[in-house]
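Structural features, examined
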Amino acid sequence: MGKLNYKGGNFYGRLKSRSLTQKQSELFETLLPNVSIKSFDDIRLLDYKGIFIEIGFGSGEHLAQLASLDADKLFVGCELFINGIASLLTRIEQMNLSNLKVFQNDARKLFHEIPDESIDGVFLLFPDPWPKRKHIKRRFIQNDTIQEIHRILKEGGFFKIATDDIGYFQWIQKSFTSFDTKFSMEVLNSESRPPEFIWPQTRYEQKATKSCNFFLFIKKSPL
Ligand SMILES: C[S@@+](CC[C@H](N)C(=O)[O-])C[C@H]1O[C@@H](n2cnc3c(N)ncnc32)[C@H](O)[C@@H]1O
């Protein structure tokens, strides 16, 4: 279905850091099976006023906050970092969120299964910058991932990206140049960033020591 040639085994992030607490391990046993999706088929028939996907949600604070503000929309987080998933599970329990699902896998694998024009918004916040030249192919933003996100978004749907890395900022601008008929682009910075209730801060933004940039891309043309 998708145009992205997804191959397993090309995820380069950390899978785990410190050991999980007993409570976190329990949430993996009890809560994760209820909120986990294995494929897009698990949610395609659910009755929500929009589907939003976050790529690499880290500790999940951004996604959990959005889900708590919009109970009639469905939020799906993709992440492989076990400690991050544990943090999100804790939030889902504490905030009693029923409109948040977890795809414990590479976001590109999920995109590959999604029919054209099905998604209302996609978030990619503080992706790993992979600054070394030899690692640039590891960056999430590549022509094929932009193409794939454009394909799954509805017309008028958004793709929001944030970064505090100047090299990645320039890479994003350059990568979207050939998509200027397909997306409109707006860029904000740490001073002009959208308010928290629209764009909640993530842990990486809170820890950032450099100025951050926020991209808002809107899909403006069909496939
Ligand atoms: C630098 S962290 C940022 C976390 C969070 N977005 C924040 O701003 O605090 C990047 C995260 O993206 C995740 N990640 C990287 N590539 C991914 C992919 N292809 N699919 C899902 N998650 C991915 C990593 O596991 C890591 O947790």
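Look up a bit, the structure's there.
Here goes a summary of the coordinates provided. (Residues numbered from 1 in each chain as written. Predicted model: local features only at pLDDT ≥ 70, side-chain atom pairs only at ≥ 80, totals over all residues.)

1. What about the pairing of strand β3 (residues 100-103)?
With burial as the criterion, each face of β3 is covered, one bearing Leu100 and Val102 and the other bearing Lys101 and Phe103. In this structure, strand β2 (residues 74-78) lies alongside β3, joined through four bridges in parallel fashion. Residue pairing for β3: Cys78 is matched across the bridge by Phe103. Note that the unit made of β2, helix α4 (residues 82-95) and β3 has a crossover that is right-handed. (Buried ≥ 20, exposed ≤ 12 C-beta atoms within 10 Å, placed from the backbone. Helix = DSSP H or I, 4+ residues; strand = E, 2+ residues; numbered from the N terminus. Pairing = 2+ DSSP bridges. Right-handed = clockwise from strand over helix to strand, strands pointing away.)

2. Thoughts on the pairing of strand β1 (residues 51-55)
With five of five residues buried, β1 is to be regarded as a mostly interior element. Every second residue of β1 is oriented toward a common face, with Ile51, Ile53 and Ile55 on one face and Phe52 and Glu54 on the other, all of them buried. Note that β1 and β2 share five bridges and pair parallel. Counted as the bridge partner of Glu54 is Gly77 from β2. Handedness of the crossover joining β1 and β2 through helix α3 (residues 61-69): right-handed. With four bridges joining them, β1 and strand β4 (residues 119-125) adopt parallel strand pairing. Each bridged residue has a counterpart across the sheet, and for Ile53 the counterpart in β4 is Val122.

The values are spatial; any link to function lies outside them.
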